[in-house]
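Analysis of the macromolecular model
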Amino acid sequence: MPRRPPHPSPEADWLDRDLGAAIRRFRTDLGLSQHALAARLSLSGQQMQKYESGANRVSASTLYLIARELDQPVAAFFPVHGGPDDAQALLDTPEGRALSRGFSRIHDMGQRRALGVIVEGLARTA
């Protein structure tokens, strides 16, 4: 009997699905399979699949462990509401997330401003 793709349960709300999609994005960015991440967390591959599809809710403690394994802050798994659409579009790409992670590690304000000038200059020439 062929396996059907997972579908979120009717009870799963948009946040469960978005959270699962974020887990999938960060996992695939690192080149990890569902089973590899599940093994690192002592979960079954089926449970990880349910988290990623939004069929099962992720507890706070499990989300913390997932974030730690995927080298992301917990907040990165939640949608940005009230912020500019450009910020969300940036975080929806692997390159944007890498840029964001790198930028957050720069503490010198002069270097941060210089990076902003470079990005703006590149955007003008695009």
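Up top you'll find the structure we're talking about.
Reading the values: rules and limits
Residues numbered from 1 in each chain as written. Predicted model: local features only at pLDDT ≥ 70, side-chain atom pairs only at ≥ 80, totals over all residues. Heavy atoms only, no water. Helix = DSSP H or I, 4+ residues; strand = E, 2+ residues; numbered from the N terminus. Contact = heavy atoms within 4.5 Å. Areas by Shrake-Rupley, 256 points an atom, 1.4 Å probe, with all protein chains shown as cover. Salt bridge = Lys/Arg side-chain N within 4 Å of Asp/Glu carboxyl O. Core = buried A, V, L, I, M, F, W, Y, C linked by side-chain atoms within 4.5 Å. Buried < 20%, exposed > 50% of the residue type's maximum accessible area, 1.4 Å probe, protein only.

Overview of the overall build of the chain
When helices and strands are tallied, the chain shows seven helices and zero strands. Going from the N terminus to the C terminus, the chain shows its helices and strands as α-α-α-α-α-α-α. Look at the contacts in the chain between residues 6 or more apart in sequence, and 57% of them connect residues 24 or more apart. Total accessible area on the chain stands at roughly 8,600 Å², and carbon and sulfur atoms take up 57% of it.

Section: the environment of Thr62
When you line up the elements, Thr62 lands in helix α4 (residues 60–69). Along the primary structure Thr62 and Leu41 are separated by 21 residues, whereas in three dimensions their C-alpha atoms are 8.4 Å apart. Aside from chain neighbours lying at most four places away, what touches Thr62 is Leu43 and Tyr51.

Some points on the pattern of salt bridges
Applying the stated rule across the entire model yields five salt bridges. In this structure, Asp29 engages Arg97 in a salt bridge whose closest nitrogen and oxygen atoms are separated by 2.1 Å. On the criterion of sequence distance, the pair formed by Asp29 in helix α1 (residues 14–29) and Arg97 in helix α6 (residues 94–104) is long-range, its members being 68 residues apart. Across the salt bridge formed by Glu69 and Arg40, the nearest N and O atoms sit 3.6 Å from each other. Separated by 29 residues along the polypeptide, Glu69 in helix α4 and Arg40 in helix α2 (residues 34–40) bring together distant segments of the chain. Each member of the salt-bridge network shares a partner with another, and the members are Arg24, Arg27 and Glu52.

Remarks on the nonpolar core
In this structure, Ile23, Val58, Ile66, Leu70 and Phe77 are the most contacted members of the largest nonpolar core, which totals 16 residues. Where this core is concerned, the elements lending two or more residues are α1, α2, α3 (45–53) and α4. Per-element accounting of this core gives the leading share, four residues, to α1. Setting aside residues no more than four positions away along its own chain, Leu70 makes contact with Ile23, Phe26, Arg27, Leu30, Leu32, Leu37 and Phe77.

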